[in-house]
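# Descriptive analysis of the structure
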Amino acid sequence: MKRWLLALGLTSALVVAGCSGDSGEEDSSAESDSQTEEKDQGNDEQATKKELLNAQMNLKDTFKEYQAKIAAYEGAVSAEEPDVEAIKTAGEEALTAAQEAAEEAANYTVEADLSEDIKSQLQEAVTTSLKAYYEEVASALEANVEEADLSTADEKFTEFNDKLGTIYEEVGLLTPNMKDELS
C-alpha cells in the first residue's frame with residue numbers, strides 16, 4: 001500500500017510539473033510570436049522609410065536639373081551688382097526649365113514599393129503642388145524675365161514641401177527641405 005501511495009504521489013507530481021511546463025511553453029510561444037510580430041512590424045517600418053527615401057532620391061534626380069536653372073536665375077537677380085544680360089539669359093533658361101519641369105511633374109509616376117496610401121499622397125503632391133510651382137515660375141518669367149515675382153511660386157513650393165512633410169511624419173522621418181534638396 002505504501003508503494004501504491006508513493007507511485008500515485010510521484011505520478012501526481014509529474015502530472016502537475018508537466019502541466020505547468022506546458023503552460024510555460026505556451027506563454028513563451030505566445031511571447032515569441034509577439035516578438036516576431038513586433039520585429040516584422042519594425043522591418044516593415046524600416047522598409048517603408050527606405051522606400052520613401054529612395055522615392056525622394058528619384059524625385060531629386062528628376063527635378064534637380066530644372067531647379068538648378070531656376071536657382072541660378074534667382075541668384076542672378078539677387079546679385080549685389082545685377083548684370084542685366086546675365087539675368088535675361090538665366091531667366092530664359094529658367095523659363096524653359098520651368099516649362100519642362102511642369103510637364104515632367106504632370107507625367108511623374110512614383111516608382112517605389114510603398115503602401116497605396118503613401119504612394120498616392122506622394123503622387124498627388126508632385127502632380128499638383130510641384131507642378132503648380134513650376135507653372136507659376138514659368139508664368140512669372142513669361143510676364144517679366146528681368147524682374148519676375150516668384151513669391152506666389154514659392155508659396156506653391158511650400159505647399160508641396162508641407163505635403164511631403166506630412167507623409168514623412170507619418171512614417172517617423174524628419175521632414176526634408178526639398179528646395180535645398182533640389183537646388
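Residues numbered from 1 in each chain as written. Predicted model: local features only at pLDDT ≥ 70, side-chain atom pairs only at ≥ 80, totals over all residues. Heavy atoms only, no water.

## Considering the overall build of the protein
Counted only if it meets this: A helix here means a DSSP run of H or I that spans at least four residues, while a strand means a run of E at least two residues long, and both kinds are numbered starting from the N terminus. The classification of residues rests on relative accessible area computed with a 1.4 Å probe and restricted to protein chains. Under 20% of the type maximum is buried, over 50% is exposed, and intermediate values are partly exposed. Contact definition: two residues touch when any of their heavy atoms are within 4.5 Å. To measure how exposed things are, a 1.4 Å probe is used in the Shrake-Rupley method; for residues, cover is taken only from the protein chains shown.
For the protein, the count of helices and strands is 5 helices and 0 strands. Ordering the α and β elements of the protein from the N terminus gives α-α-α-α-α. The 183 residues of the protein split such that 30% are buried. For the protein, contacts bridging at least 24 residues in sequence account for 73% of all contacts bridging at least 6. Accessible area for the protein stands at about 11300 Å²; split by element, carbon and sulfur atoms hold 49% of it.

## Some remarks on the packing of aromatic side chains
Rules: Paired rings are identified among Phe, Tyr and Trp, the last through its six-membered ring, by centres lying within 6.5 Å, and are further divided according to the angle between planes into stacked (under 30 degrees), edge-to-face (over 60) and tilted (the rest). Geometrically, a lysine NZ or arginine CZ counts as sitting over a ring once it is within 6 Å of the ring centre and also within 35 degrees of the ring normal.
Enumeration over the complete set of coordinates arrives at 6 aromatic pairs. Judged by centre distance (6.3 Å) and plane angle (55 degrees), the ring pair of F63 and Y66 falls under tilted. In this pair, F63 and Y66 are both assigned in helix α1 (residues 2-77), 3 residues apart and thus about one turn of the helix distant. Here the two residues F63 and Y66 agree in accessibility, since each one is buried. An aromatic cluster of at least three residues, connected via ring pairs, comprises F63, Y66, Y108, Y133, Y134, F157 and F160. Directly above the aromatic system of F157 lies the positively charged group of K179, at a separation of 5.1 Å from the ring centroid.

## Thoughts on the side chain of N161
With respect to the element layout, N161 can be found in helix α4 (residues 151-171). Ignoring sequence-local partners within four residues, the contact set of N161 consists of T175, P176, N177 and M178.

## A word on the pattern of salt bridges
Spelled out, the test is: Salt bridges are defined by distance alone: a side-chain nitrogen of Lys or Arg within 4 Å of a carboxyl oxygen of Asp or Glu.
Here the structure, examined in full by the defined rule, presents 5 salt bridges. The partner of K60 in a salt bridge is E181, with the nearest N and O atoms 3.9 Å apart. Placement of K60 in helix α1 and of E181 in helix α5 (residues 178-182) is noted, with a sequence separation of 121 residues between them. Since its relative accessible area comes to 26%, E181 is described here as partly exposed. Linked through salt bridges whose partners overlap, the residues forming this network are E124, E159 and K163.

## A short note on the nonpolar core
Short version of the rule: Each nonpolar core is a collection of buried residues, namely Ala, Val, Leu, Ile, Met, Phe, Trp, Tyr and Cys, held together in the definition by side-chain atoms within 4.5 Å.
With 44 residues, the main nonpolar core has L52, L59, F63, L130, Y134 and F160 as its most contacted residues. Of all the secondary structure elements, the ones that give two or more residues to this core are α1, α2 (84-106), α3 (116-143), α4 and α5. With 11 residues, α3 is the largest single contributor of residues to this core. Apart from the residues within four sequence positions on either side, F63 is in contact with A101, E104, A105, Y108, V126, L130, Y134 and L182.

## Quick look at the environment of Q99
In this structure, Q99 sits in helix α2. Judged by relative accessible area, which is 35%, Q99 ranks as partly exposed. Taking C-alpha positions, Q99 is 9.2 Å from Y66, a pair spaced 33 residues apart along the chain. Leaving out residues up to four positions away in the same chain, Q99 has contacts with A138 and E142.

## Details of the packing of α2 against α3
We count it as follows: Axis geometry follows a simple rule: fit a line to the C-alpha atoms, using only the stretch in contact for helices, then measure angles between N-to-C directions, giving values from 0 to 180 degrees. Throughout this description, any angle smaller than 35 degrees is read as roughly parallel, any larger than 145 degrees as roughly antiparallel, any in the 65 to 115 degree range as roughly perpendicular, and the remainder as oblique. Throughout, a crossing is termed right-handed when the near helix is turned clockwise from the far one, and left-handed when it is turned anticlockwise from it by less than a right angle. As a working rule, the residues Ala, Val, Leu, Ile, Met, Phe, Trp, Tyr, Cys and Pro are called nonpolar, Asp, Glu, Lys and Arg charged, and the rest polar, with Gly in that last group.
Contact geometry of α2 with α3 gives a least axis separation of 8 Å together with a crossing angle of 155 degrees. In this view, α2 runs roughly antiparallel relative to α3, as classed from their interaxial angle. Both α2 and α3 take part in a crossing whose hand is left-handed. Of α3, the residues touching α2 (which contributes G91, A94, L95, A98, Q99, A101, A102, A105 and A106) are V126, T127, L130, K131, Y134, E135, V137, A138, L141 and E142. For the contact of α2 with α3, a count of residues per class yields 13 nonpolar, 3 polar and 3 charged.

Shape descriptors only; they carry no functional weight alone.
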